[in-house]
2 protein chains.
Amino acid sequence: MAKKIHNIEGVQLGTASSHTRYGDKEDSLLITLPKTAQVSCKFTGNKLKAAPVQLAINNLSSYSSGVKAFLINAGNANAATGQQGMKNVKSYCKAIASELNLKEENVIPFSTGVIGEALPVNNYLSAFLEANTKLSPKNWVKAANAILTTDTRPKIISKQITIGKQTFSITGFAKGSGMIRPDFATLLSFVFIDAKINRRSLNKMHAEALDCSFNAITVDGDTSPNDSSALVANGNEAKLVETNSKAEKKIAQCVKGIFKELAELLIEDAEGATKKIKISVSKANNLQQAKSVAFTVAESPLVKTAMFGSDANWGRILSAVGRDRTIKTIENVQIKVNDVPLVKKGNIDPKYSEAKASRAMKKKEILIQIILNTGKTEFEVLTSDLSEDYVLINSDYRS
Amino acid sequence: MAKKIHNIEGVQLGTASSHTRYGDKEDSLLITLPKTAQVSCKFTGNKLKAAPVQLAINNLSSYSSGVKAFLINAGNANAATGQQGMKNVKSYCKAIASELNLKEENVIPFSTGVIGEALPVNNYLSAFLEANTKLSPKNWVKAANAILTTDTRPKIISKQITIGKQTFSITGFAKGSGMIRPDFATLLSFVFIDAKINRRSLNKMHAEALDCSFNAITVDGDTSPNDSSALVANGNEAKLVETNSKAEKKIAQCVKGIFKELAELLIEDAEGATKKIKISVSKANNLQQAKSVAFTVAESPLVKTAMFGSDANWGRILSAVGRDRTIKTIENVQIKVNDVPLVKKGNIDPKYSEAKASRAMKKKEILIQIILNTGKTEFEVLTSDLSEDYVLINSDYRS
């Protein structure tokens, strides 16, 4: 948090408390965007879509240009709340649109929190109205804090890149620590670019950044009805980025980096996590196989508990690989942990050393390297271990 | 255990200790079968197959009639042990075949325990030789105890059915408490029928019994390299069962019942389990969808931890249904727990009562009823909750 956070011209943030689930903690965030902004949003793949997600999709499909606003609340997901849930989100969006003198479809709602409880709509509306009086271009840390639920700390990444004579700022923040899996789980993420980029390029940039970040992490294989990711270009005329230009590629690369770093921050703060584990599957037949094996290992409770116990239990890793449906034989499989050899040709590596393996496992960052030796494709997944605290958090808290 | 256990004519059991992983506890079991016996064996779907499984498959593909013997050891899985592992299992099978005056292919090995450690072959051979001196038709409880690893208690089911003037005895025992999922996970199961049944009928009976028992339970979604299930008919001439006869159907039904009860005993003793949870998916489009939804919910860590915490968190159940790939919409989904309504038409049921739901969740046996209302097919899966003890057991013990 000590690093410099770069403001994004025209983007303003305001926070306030709804005085509901979290007492007086600020849990409501209003973000206003300049008239020129382009917005790309991607939402959960779960068929259980929260009311705000349904409304956001609807508004985005029809939104005309003009100043836009994001309304984000933590504490109540407004998911599986039926017609009343839709009424509620529409009602506060309409009130804020009126207050900001916007068309209704230019206000995009995001929610995170408990599923299936009625949203205390007046409380959140009051909070958003108050947030509107506190708008500032500098409120990044407050904003990153306002969207948290079971997270233990805010996640912000901010970078600048210089291309030719111009310097571009990109700043983003995210939340999420359980229910994390591809289709980017209970995740809310907002990234802003100080540049003018057309919507098609922005969408492409967004999709590519998601594939190697929020779609390549898993905590427990569960996804949420509220997952949302927004990538915004403020439309700064002075910083026009041409389609297919070198500048665009460099910015896309930088955006990818920010998404990846935000994803890493999520995993580091995953519910009950004591370790950050990267599962790298290489020399696979194709991307589908590499992904399938990586997620099978990443979501194996036996692998995850062994990681928590710092046990170099390569048998469980090999066994998880062996049960993956895309695997025909384990004869060529090679496994290493932090470069220490464990398995070769589907059996214990002749160079295996319990002492070395054990030392490798005690680290906080674990790289499990699974080399299938049947093809050329690789894929990496980031995950966390499965601890007693994960069970405690999730058996105790209706979230 | 107080119930009567029926011996199976010609089947003898002997146990002894290898004095290895479990100290002096008996961990080695020899079962001898009469010359007339027919055997049906099914093994793990995991591509990582333990050496004894590979040898058993090989022997069964070529076995000629004659007395058969099962050699079962607990404590060492002899999996991922390479050529030496195969040498080891062959060497003790050969020695026992010679001792019993059998062809080598008539001895079938089964192992359960740690993956990837060299099997102390001389210790287990000594134990099997000792077990051979202690053979008795009555040793069912000793046998059921000898095959345990992390299980806390033996699992035996014994029944008799009378068809016409004849009474048929069927007795079986099993082990397994983690790594349990379809393809019948770290499971060893041995069921014996006092009847003459041909091999084809026996195989069919076996497959059908597996589908509604060991292939319909899951603890953690992990499978093992050693899963094996044996169904044996002793070939008693006095109790001939004709193919496609009514008697055969009744016996098949009874065998199914025994497999189901053994499966329930496994779930009741699952690692760290505090509850037995049945997930019933009904009115699905087809069997594939019913199975997929049932296993997605049964293996959701967020559902399993909510069950452990006795939290009627229907949002997590609905969300797990919503992320299943076979589900197109959740609009028709209805959910109940022990007949208490939770969800109707994809939203909270108007009849929902927190007090009633909470009372229902406190029970030790939970029935989660998921009615998809789009078709006619149903499927049930049995599972356990996810507790702190599951994490403790699996982060602590290299099994």
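Treat the numbers as computed from the prediction; the structure is a model and nothing was measured.

Here's the deal with helix α3 (residues 121-132) of chain B
Residue and element names in this part refer to chain B. Here α3 spans 17 Å end to end across twelve residues, near enough to the 16 Å set by a 1.5 Å rise per residue. For α3, the full list of buried residues reads V121, Y124, L125, A127, F128, A131 and N132. All buried residues of α3 fall inside an arc of 160° around its axis, so they share one side. Against β1 (12-16), β2 (28-32), β4 (69-76) and α2 (82-100) lie the buried residues of α3.

A look at the environment of I348(A)
With respect to the secondary-structure elements, I348(A) resides in strand β14 (residues 347-348). With relative accessibility at 30%, the residue I348(A) sits in the partly exposed group. Along the primary structure I348(A) and A247(A) are separated by 101 residues, whereas in three dimensions their C-alpha atoms are 48 Å apart. Not counting chain neighbours up to four residues away, the residues in contact with I348(A) comprise W314(A), L342(A), V343(A), A80(B) and G116(B).

Observations concerning the confidence of the model for chain A
Low-pLDDT stretches of the model should not have their predicted coordinates read in fine detail. Residue and element names in this part refer to chain A. This prediction gives chain A a mean pLDDT of 89; 94% of its residues lie at or above 70. Long-range and interchain partners of residues 180-185, a stretch whose pLDDT sits below 50, account for 41 contacts in this model, where long-range means more than four residues apart. Two summary scores accompany this predicted model of the complex, namely pTM at 0.77 and ipTM at 0.72.

Focus on unusual backbone geometry
Despite not being glycine, N78(A) shows a phi value in the positive range, around 50°. For N338(A), which is not glycine, the phi dihedral falls at a positive 45°.

Comments concerning the pattern of salt bridges
All names here are of chain A. Scanning the entire structure with this criterion turns up 28 salt bridges over all chains. The shortest N-O distance in the salt bridge between E208 and K204 comes to 3.8 Å. With a gap of four residues between them, E208 and K204 both fall in helix α5 (residues 199-211), about one helical turn apart. Among the residues examined, E208 registers a relative accessible area of 35% and is labelled partly exposed. Each of D151, R153, K155 and D269 takes part in a single network of salt bridges with overlapping partners.

Section: the relation of the copies chain B and chain A
Mapping chain B onto chain A is achieved by rotating through 180° and translating by 0.0 Å along the same axis, at an RMSD of 0.1 Å. The symmetry that links the two subunits is that of a two-fold axis. Considering only C-alpha atoms, the part of chain B nearest the rotation axis is E388(B), at 2.5 Å. Take the interface residues of chain B: 100% of them recur as interface residues in chain A, which is what a same-surface contact looks like.

Here we look at the environment of T81(A)
With respect to the secondary-structure elements, T81(A) resides in the loop between β4 (69-76) and α2 (82-100). Placed 30 residues apart in sequence, T81(A) and A51(A) show a C-alpha to C-alpha distance of 7.5 Å. Residues within four places of T81(A) in sequence aside, it is in contact with G116(A), E117(A) and N347(B). Side chain to side chain, T81(A) and N78(A) meet in a polar contact 2.7 Å long.

A look at the sheet that holds strand β3 (residues 38-43) of chain A
All names here are of chain A. In space, the five strands of this open sheet follow the order β3-β10-β8-β7-β6, with mixed pairing throughout. Looking at the sheet topology across the chains shown, the edges are occupied by β3 and β6 (155-163). Averaged over all adjacent pairs, the angle separating strand axes in this sheet is 10°, with direction ignored. In this sheet, strand β7 (residues 166-175) lies alongside β6 in antiparallel orientation, the contact comprising nine bridges. Following the sheet pairing, I157 is matched in β7 by G172. Lying over the sheet, α5 contacts β3, β8 (188-193) and β10 (228-233), oriented at roughly 35° with respect to β3. Contacting β6, β7, β8 and β10, helix α6 (residues 246-268) crosses the sheet at an angle of about 160° to β6.

A look at the domain arrangement of chain A
Residues and elements named next belong to chain A. When cut into domains, chain A gives domain 1 (12-268) and domain 2 (276-396). Of note, the centres of domain 1 and domain 2, computed from C-alpha atoms alone, are 33 Å apart. Across the boundary between the two partners, domain 1 contributes 14 residues, which contact twelve residues of domain 2. The tally of links between domain 1 and domain 2 comes to two salt bridges.

What about the interface of chain B and chain A?
With 55 residues of chain B at the interface, the matching set in chain A holds 55 residues. Together, the buried faces of chain B and chain A total about 4200 Å²; carbon and sulfur atoms form 53% of this surface. Our enumeration of links across chain B and chain A arrives at zero salt bridges. Put simply, chain B and chain A have 14 residue pairs in polar contact (both at pLDDT 80 or more) between them. Those elements that provide at least two residues to the side of chain B that touches chain A are α8 (301-308), α9 (314-323), β14 (347-348) and α11 (388-396) of chain B. Ranked by residues supplied to the side of chain B that touches chain A, first place goes to α9(B) with seven residues.

Remarks on the packing of aromatic side chains
Both the distance between ring centres and the angle between the ring planes are used here to describe each pair of aromatic rings. Applying the stated criterion to the full structure yields 21 aromatic pairs over all chains. On the basis of an interplanar angle of 35° and a centroid distance of 5.4 Å, the ring pair of Y92(B) and F128(B) is categorised as tilted. Linking Y92(B) in helix α2 with F128(B) in helix α3, this pair joins segments that are 36 residues apart in sequence. Comparing Y92(B) with F128(B), the two get one shared label, buried. Taken together, a centroid distance of 6.5 Å and an interplanar angle of 25° make the contact between F173(B) and F192(B) stacked. Here F192(B) lies in strand β8 (residues 188-193) and F173(B) lies in strand β7 (residues 166-175), a separation of 19 residues in the sequence. Of the two residues, F173(B) and F192(B), both sit in the buried class. Site record: aromatic cluster; members linked through ring pairs are F43(A), F70(A), F110(A), W140(A), F173(A), F190(A) and F192(A).

What to know about helix α3 (residues 121-132) of chain A
Residues of α3(A) that are buried include every one of V121(A), Y124(A), L125(A), A127(A), F128(A) and A131(A), and no others. Buried positions along α3(A) lie against β1 (12-16), β2 (28-32), β4 and α2 of chain A.

With respect to the packing of α8(B) against α9(B)
Residues and elements named next belong to chain B. Closest axis-to-axis distance for the α8/α9 pair is 9 Å, and the angle between their directions is 160°. Comparing the axis directions of α8 and α9 gives the class roughly antiparallel. In this structure, α8 crosses over α9, and the sense of that crossing is left-handed. Contact with α8, carried on its side by L302, V303, T305, A306 and M307, involves R316, I317 and A320 of α9 and no other residues of that element. Along the lines of polarity and charge, the residues of the contact of α8 with α9 split into six nonpolar, one polar and one charged.

A look at the sheet that holds β4(A)
Residue and element names in this part refer to chain A. On the basis of which strands lie adjacent, the open sheet formed by four strands has the order β1-β2-β4-β5 and mixed pairing. Since the sheet does not close on itself, it has two edges, and those belong to β1 and β5 (107-114), each with one partner. Along the sheet, successive strands turn relative to each other by an average axial angle of 15°, direction set aside. Sheet topology note: the β2/β4 ladder contains five bridges and is antiparallel. Its bridge partner being in β4, T32 is matched across the sheet by A69.

The rules behind each value
Residues numbered from 1 in each chain as written. Chains lettered and ligands numbered in written order. Predicted model: local features only at pLDDT ≥ 70, side-chain atom pairs only at ≥ 80, totals over all residues. Heavy atoms only, no water. Helix = DSSP H or I, 4+ residues; strand = E, 2+ residues; numbered from the N terminus. Expected span 1.5 Å × (residues − 1). Buried < 20%, exposed > 50% of the residue type's maximum accessible area, 1.4 Å probe, protein only. Arc of directions from axis to C-beta. Contact = heavy atoms within 4.5 Å. pLDDT = per-residue confidence, 0-100. Salt bridge = Lys/Arg side-chain N within 4 Å of Asp/Glu carboxyl O. Least-squares fit on C-alpha atoms with pLDDT ≥ 70 in both. Polar contact = N/O pair within 3.5 Å; in protein donor to acceptor, adjacent residues only side chain to side chain. Pairing = 2+ DSSP bridges. Axes fitted to C-alpha atoms, helices over the stretch in contact; angles between N-to-C directions. Domains from an automatic or database assignment. Buried area = accessible area lost by both parts, 1.4 Å probe. Phe/Tyr/Trp six-rings, centres within 6.5 Å; stacked < 30°, edge-to-face > 60°. Parallel < 35°, antiparallel > 145°, perpendicular 65-115°, else oblique. Left-handed = near helix turned anticlockwise from the far one by under 90°. Nonpolar A, V, L, I, M, F, W, Y, C, P; charged D, E, K, R; others polar.

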